[in-house]
Amino acid sequence: MNIPVYVIAGFLDAGKTQFINGTLADGFARKDRTLLIRCEEGEEEYDPALVRNVTVVDVEDEEDLTREFLQECEKKYRPRQVMVEYNGMWQLETLWNEALPPNWFIVQTFTFVEASTFELYARNMAQQTMDKVKNADVLVFNRCDDTLAEALRSRNLRMTNRRAQIYLEYEDGTSEDYLTGDECPFDLDQPVIDIPDEDFGVWYVDVMDHPDRYAGKLVHAKLVMMRSTKFPGVCCPGRFAMVCCADDVAFLGLLARGEDLDRFKNKQWLDATFRMAVEEHPAYGGPGPVMELQEAAPCQRAEPEILTY
């Protein structure tokens, strides 16, 4: 049986236990047997009224968090789902690559950070801190004020983690999205902006929303060649993406031009460098990004082949 795993990471007093209590209070473990693995114990305790259908197991040392140990937990407690309150000093790769049994799979990783301590941790424990930031699916900065929020935004953490949902939680209980819409997820000062295979969807959304910021820039990516059926002769290489489910796969293509494009067949993979431009085109219904080919070569398909959001 496959077992979903939810990882709650962060340093002491960052709000992990509070989040777990809130999740359990919302009924997370009401129906399914839940195993809660606690890898560090802070000042706040789990609410006894909320853990009646939850088995709490403590792991004090990183070397004790092994595949064999987790398999024994599965055999003994028969969980249908697992929560892991992860120690901020431990690398997430230890859990993912060494400890998880083959039938356990990560659903989401949450990282909690006390905003006032982030700069201190980032300076003095950069590896442990950025490991939690860059690998989070949801990143929450707790106990913010306006000054801390401005400092966090000035770092543009979206370049560190392009896919995470990032939130700022204020001391008065209110919260807001970290992203204001002005942050660029890529370093525009690079000679060539390299788009990782898994981040093409992030770049596609950003270049469609902000084509001017990429105008004149060189961009490198792996793409699938496609030709428009609506606009004959127009090349629109891009990537396939699963937007919400396996039955909902869309093609994310951008207009491209260049004589060398003609040698690529439809659905052939190419490793290409383009210079970006902004032009009016009926396909966009106005101005939009155009990729001017600089060089290209056939290549192996990207990994993952189909993007997910």
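The rules behind the values
Residues numbered from 1 in each chain as written. Predicted model: local features only at pLDDT ≥ 70, side-chain atom pairs only at ≥ 80, totals over all residues. Heavy atoms only, no water. Buried < 20%, exposed > 50% of the residue type's maximum accessible area, 1.4 Å probe, protein only. Helix = DSSP H or I, 4+ residues; strand = E, 2+ residues; numbered from the N terminus. Pairing = 2+ DSSP bridges. Core = buried A, V, L, I, M, F, W, Y, C linked by side-chain atoms within 4.5 Å. Contact = heavy atoms within 4.5 Å. Axes fitted to C-alpha atoms, helices over the stretch in contact; angles between N-to-C directions. Disulfide = S-S within 2.5 Å. Salt bridge = Lys/Arg side-chain N within 4 Å of Asp/Glu carboxyl O. pLDDT = per-residue confidence, 0-100. Polar contact = N/O pair within 3.5 Å; in protein donor to acceptor, adjacent residues only side chain to side chain.

S.K.: Quick question: what am I supposed to make of the pairing of strand E4 (residues 81–85) here?
M.R.: The side chains of a regular strand alternate between the sheet's two faces. E4 sits mainly inside the fold: 5 of its 5 residues count as buried. What you see with E4 is no split at all: Gln81, Met83 and Glu85 on one side and Val82 and Val84 on the other are buried throughout. As paired elements, strand E1 (residues 3–10) and E4 share 4 bridges and run parallel to each other. Opposite Ile8, over in E4, you have Glu85 as the bridge partner.

S.K.: How should the nonpolar core be read in this particular structure?
M.R.: Grouped burial of nonpolar side chains is what soluble globular proteins tend to show. Core analysis: the largest hydrophobic core is formed by 29 residues, its most contacted members being Phe186, Ile195, Phe200, Trp203, Tyr214, Leu270 and Met291. Counting residues per element, the ones that place at least two in this core are helix H7 (200–209), strand E10 (218–224), strand E14 (269–281) and strand E15 (286–298). Here this core takes 5 residues from H7, the largest share from any one element. Apart from the residues lying within four places of it in its own chain, the contact partners of Phe186 are Met159, Arg162, Ile193, Asp194, Ile195, Pro196, Asp199, Val202, Trp203 and Tyr214. Val7, Cys39, Val57 and Trp90 belong to the second-largest nonpolar core, a separate cluster that totals 21 residues.

S.K.: Teacher, can you tell me more about the sheet that holds strand E3 (residues 54–58) here?
M.R.: By way of backbone hydrogen bonds, the strands of a sheet pair with one another, either parallel or antiparallel. Strand order in this open sheet of 8 strands is E3-E2-E4-E1-E5-E6-E7-E8, and the pairing throughout is mixed. Whereas interior strands pair on both sides, the edge strands pair on one side only; in this sheet they are E3 and strand E8 (175–177). Strand after strand, the sheet turns through a mean of 20 degrees between neighbouring axes, direction not considered. In this fold helix H2 (residues 67–77) packs onto E1, strand E2 (34–38), E3 and strand E5 (104–114), with an angle of close to 150 degrees to the strand it touches most, E3.

S.K.: Which parts of the structure should I look at to understand the state of the cysteines?
M.R.: Put plainly, two cysteines are in a disulfide when a covalent bond ties their sulfur atoms together. Applying the stated criterion to the full structure yields 0 disulfides. We note that Cys39 lacks a disulfide partner, and the nearest cysteine sulfur, in Cys73, lies 10 Å from it. Sulfur of Cys235: no disulfide; nearest cysteine sulfur belongs to Cys236 and is 7.4 Å away. We classify Cys235 as buried; its relative accessible area is 7%.

S.K.: What should I look at first to understand the pairing of strand E6 (residues 138–144) in this one?
M.R.: Taking burial as the measure, the 7 residues of E6 include 6 buried ones, the bulk of the element. When E5 meets E6, the two strands line up parallel, connected through 5 bridges. Bridging from a neighbouring strand, Val113 pairs with Phe141 of E6. Across 5 bridges, E6 lies against strand E7 (residues 165–170) in parallel orientation.

S.K.: Mind showing me how you'd approach unusual backbone geometry here?
M.R.: Of the consecutive residues Glu303 and Pro304, the connecting peptide bond is found in the cis state with omega at 5 degrees. Within the secondary structure, Pro304 is located in the loop between E15 and strand E16 (307–308). Located in the positive-phi region is Arg78, a residue other than glycine, with phi close to 50 degrees. Its location among the elements puts Arg78 in the loop between H2 and E4. Of note in this structure, Lys267 is not a glycine but carries a positive phi near 70 degrees. Mapping Lys267 onto the fold places it in the loop between strand E13 (255–257) and E14. With relative accessibility at 57%, the residue Lys267 sits in the exposed group.

S.K.: Is there a simple way to explain the pattern of salt bridges in this structure?
M.R.: Between side chains of opposite charge, a pair can form when the charged atoms approach closely. This model, assessed by the stated rule, comprises 16 salt bridges. A salt bridge links Arg38 to Glu45; its shortest N-O distance comes to 3.7 Å. Residue Glu119 is joined to Arg155 by a salt bridge in which the shortest nitrogen-to-oxygen separation is 2.9 Å. Highlighted residues: Glu119 in helix H4 (residues 118–124) and Arg155 in the loop between helix H6 (146–154) and E7, separated in sequence by 36 residues. With a relative accessible area of 30%, Glu119 lands in the partly exposed category. Here the residues in one salt-bridge network are Arg38, Glu45 and Asp58, joined through shared partners.

S.K.: How do you make sense of the confidence of the model for the protein when you look at a structure like this?
M.R.: Low pLDDT marks stretches whose predicted atomic positions should not be read closely. Per-residue pLDDT for the protein averages 92, and the proportion of residues at 70 or more is 98%. No element of the protein has a lower mean pLDDT than E16, which averages 82, and none a higher one than E10, which averages 98.

S.K.: Could you clarify how one ought to interpret the environment of Asn266 in this entry?
M.R.: Here Asn266 lies in the loop between E13 and E14. Accessibility expressed as a relative area gives 43% for Asn266, which makes it partly exposed. Residues contacting Asn266, with those up to four places away along its chain left out, are Met225, Met226 and Arg227. In this structure the side chain of Asn266 is engaged in a polar contact, spanning 3.1 Å, whose partner is the backbone nitrogen of Arg227.

S.K.: What is the right way to look at the side chain of Asp206 in this model?
M.R.: Here Asp206 shows up in helix H7. Apart from residues lying up to four places away in sequence, Asp206 is in contact with Arg158, Glu183, Cys184, Pro185, Arg213 and Tyr214.

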